[in-house]
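Coordinates in review
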Amino acid sequence: MDPKAEEFKADNPLHTLGFVFEELSATRVSGRLTVTDKCCQPFKVLHGGVSALIAEGLASLGAGIASGYKRVAGVHLSIHHIRPAALGESVFAESFPVSVGKNIQVWEVRLWKTKETEEPEKKKMISTSRVTLLCGLPIPDHAKDSLDHLKKFVSKL
């Protein structure tokens, strides 16, 4: 099983940047990204917009699963950038629900600078975010198969 393979693409923009999912459920979404030139700002550190992209991507996937594979849309994102992650460093991202309602969900997303061999206590927080999502939206005709792809992806993790 190669998590970087095409069949493991749950989120196109995150996949393009090299993000690899580790867990995907209604209660937790997590994964890793190595900071490369593709996701850096001119000073060779992780771009804040990439942190926001990860936050909305993880929260949206988790909320979609938690809503019973219904369409969701982010309506608010609040992010605090705490410290940089430099080119070549590893970033661990985790997301979990704060509130899961029928129409609105709120998810917390945290990004950590870490080494895969490091003890979890040694990780350093890069950013923390809150994402509010509207749930149960109608699925456009051109995207009807997207939920089937997501279900298939979840079953492979």
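Before going into details, it helps to say that this report is about the structure given with it. (Residues numbered from 1 in each chain as written. Predicted model: local features only at pLDDT ≥ 70, side-chain atom pairs only at ≥ 80, totals over all residues. Heavy atoms only, no water.)

Describing the pattern of salt bridges
Taken as a whole, this structure holds 7 salt bridges when the rule is applied. One salt bridge connects Glu 94 with Arg 28, and the closest N-O pair in it is separated by 3.2 Å. Here Arg 28 lies in the loop between strand 1 (20-24) and strand 2 (29-34) and Glu 94 lies in strand 4 (residues 90-100), a separation of 66 residues in the sequence. By relative accessible area, Arg 28 is classed as partly exposed at 26%. Linking Glu 89 and Lys 113 is a salt bridge whose minimum nitrogen-to-oxygen distance equals 3.8 Å. With a gap of 24 residues between them, Glu 89 in the loop between strand 3 (71-81) and strand 4 and Lys 113 in strand 5 (residues 104-114) connect regions that are remote in the sequence. Owing to a relative accessible area of 27%, Glu 89 belongs among the partly exposed residues under this scheme. By sharing partners, the salt bridges in this structure join Glu 23, Arg 28 and Glu 94 into a single network. (Salt bridge = Lys/Arg side-chain N within 4 Å of Asp/Glu carboxyl O. Helix = DSSP H or I, 4+ residues; strand = E, 2+ residues; numbered from the N terminus. Buried < 20%, exposed > 50% of the residue type's maximum accessible area, 1.4 Å probe, protein only.)

Notes on the layout of surface pockets
Here the largest pocket defines a volume of roughly 530 Å³. Forming the boundary of the largest pocket are 19 residues, of which Ala 10, Leu 61, Ser 146, Leu 147 and Leu 150 lie nearest the centre. At the level of secondary structure, the elements contributing two or more residues to the lining of the largest pocket comprise helix 1 (12-17), helix 2 (48-66), strand 3 and helix 3 (146-156). The residue makeup of the lining of the largest pocket, split by class, is 9 nonpolar, 6 polar and 4 charged. (1 Å grid on protein atoms, 1.4 Å probe; cavity = no way out; pocket = protein on both sides within 12 Å on 5 of 7 lines; lining within 4 Å. Points joined across faces, edges and corners; volume = space filled by probe spheres on them. Nonpolar A, V, L, I, M, F, W, Y, C, P; charged D, E, K, R; others polar.)

Some details on the nonpolar core
Judged by nonpolar contacts, the single largest core of 33 residues is most densely connected at Leu 46 and Ile 54. Breaking this core down by element, the ones donating at least two residues are helix 1, strand 1, strand 2, helix 2, strand 4, strand 5, strand 6 (124-137) and helix 3. Sort the elements by how many residues they give to this core and helix 2 lands first, with 8 residues. (Core = buried A, V, L, I, M, F, W, Y, C linked by side-chain atoms within 4.5 Å.)

Notes on the side chain of Ser 67
Relative to the elements of secondary structure, Ser 67 occurs in the loop between helix 2 and strand 3. Of the polar contacts made by the side chain of Ser 67, one reaches the backbone oxygen of Gly 64; its length is 3.0 Å. Filtering out sequence-adjacent residues up to four positions away, Ser 67 remains in contact with Val 72, Gln 105 and Cys 135. (Polar contact = N/O pair within 3.5 Å; in protein donor to acceptor, adjacent residues only side chain to side chain. Contact = heavy atoms within 4.5 Å.)

A look at the packing of aromatic side chains
In this structure the tally under the stated criterion is 1 aromatic pair. On the basis of an interplanar angle of 70 degrees and a centroid distance of 5.0 Å, the ring pair of Phe 19 and Phe 21 is categorised as edge-to-face. Here Phe 19 matches Phe 21 in class, with each residue buried. Directly above the aromatic system of Trp 112 lies the positively charged group of Lys 123, at a separation of 4.4 Å from the ring centroid. (Phe/Tyr/Trp six-rings, centres within 6.5 Å; stacked < 30°, edge-to-face > 60°. Lys NZ or Arg CZ within 6 Å of the ring centre and 35° of its normal.)

It is worth stressing that arrangement in space is one thing and function is another; only the former is reported here.
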